[in-house]
Amino acid sequence: MAPCLFNFYIDFVVRSVISNIQSPSGLKINYVIDGNHLVTRPGGQQDSFNMLMYADDMRVLAESREDLGILIQEVENTTQNWVLTIKCTKSKNPCYC
């Protein structure tokens, strides 16, 4: 039961973060759905991805350090408002520029 409750909780937190940011920043990906496969291709549909999640891991994505800082700050504010603790000792901030 606990993983299911966590999924409901974290889904609400992530939706709150995304709705609270002023400009939709994120990693932009052009893609085309070719049959049953997703193919990256210039000129295809473009979407912006701010977060990737798997189980209890979260990755925050942005195209610039400034946008990344804004997203991380919003995640921190939202998790504090909803009494969710992020373990800083387990967290890492890799930046690939």
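Residues numbered from 1 in each chain as written. Predicted model: local features only at pLDDT ≥ 70, side-chain atom pairs only at ≥ 80, totals over all residues. Heavy atoms only, no water.

### Some words on the overall build of the protein
- A tally of helices and strands in the protein yields two helices and five strands.
- The order of helices and strands in the protein, counted from the N terminus, is α-β-β-β-β-β-α.
- Buried residues in the protein amount to 19% of all 97 residues. (Helix = DSSP H or I, 4+ residues; strand = E, 2+ residues; numbered from the N terminus. Buried < 20%, exposed > 50% of the residue type's maximum accessible area, 1.4 Å probe, protein only.)

### Points about the confidence of the model for the protein
- Here the protein averages 79 in pLDDT, while 87% of its residues score no lower than 70.
- Mean pLDDT across the elements of the protein ranges from a minimum in strand β2 (residues 37-40), with 76, to a maximum in helix α2 (residues 65-81), with 87. (pLDDT = per-residue confidence, 0-100.)

### So, the sheet that holds strand β1 (residues 27-34)
- Here three strands make up an open sheet; going across it, the order is β2-β1-β3 and the pairing antiparallel. The strands lining the two open edges of the sheet, one partner per strand, are β2 and β3 (45-49). For this sheet the average axis-to-axis angle between neighbouring strands, irrespective of direction, equals 45 degrees.
- When β1 meets β2, the two strands line up antiparallel, connected through four bridges. Bridge assignment links Tyr31 to a residue of β2, and that residue is Thr40. (Pairing = 2+ DSSP bridges. Axes fitted to C-alpha atoms, helices over the stretch in contact; angles between N-to-C directions.)

### Examining the pattern of salt bridges
- Scanning the entire structure with this criterion turns up one salt bridge.
- Note that Asp11 and Arg15 form a salt bridge whose closest N and O atoms lie 2.9 Å from each other. On the criterion of helical spacing, the pair formed by Asp11 and Arg15 is a turn pair, its members being four residues apart in helix α1 (residues 2-20).
- The class of Arg15 is exposed, set by a relative accessible area of 56%. (Salt bridge = Lys/Arg side-chain N within 4 Å of Asp/Glu carboxyl O.)

### Comments concerning unusual backbone geometry
- Phi at Val83 takes a positive value of approximately 55 degrees, unusual for a residue other than glycine.
- Here Val83 lies in the segment after α2.
- The class for Val83 is exposed, based on a relative accessible area of 71%.

### Observations regarding the packing of α1 against α2
- At a minimum axis distance of 9 Å, the contact between α1 and α2 shows a crossing angle of 130 degrees. Considering their axes alone, α1 and α2 lie oblique with respect to each other. Taken as a pair, α1 and α2 cross one another with a handedness that is right-handed. Contact residues: α1 offers Val13, Ser16, Val17 and Asn20, while α2 offers Glu74, Val75, Thr78 and Thr79.
- Among the residues making up the contact of α1 with α2, the classes are represented as three nonpolar, four polar and one charged. (Parallel < 35°, antiparallel > 145°, perpendicular 65-115°, else oblique. Left-handed = near helix turned anticlockwise from the far one by under 90°. Contact = heavy atoms within 4.5 Å. Nonpolar A, V, L, I, M, F, W, Y, C, P; charged D, E, K, R; others polar.)

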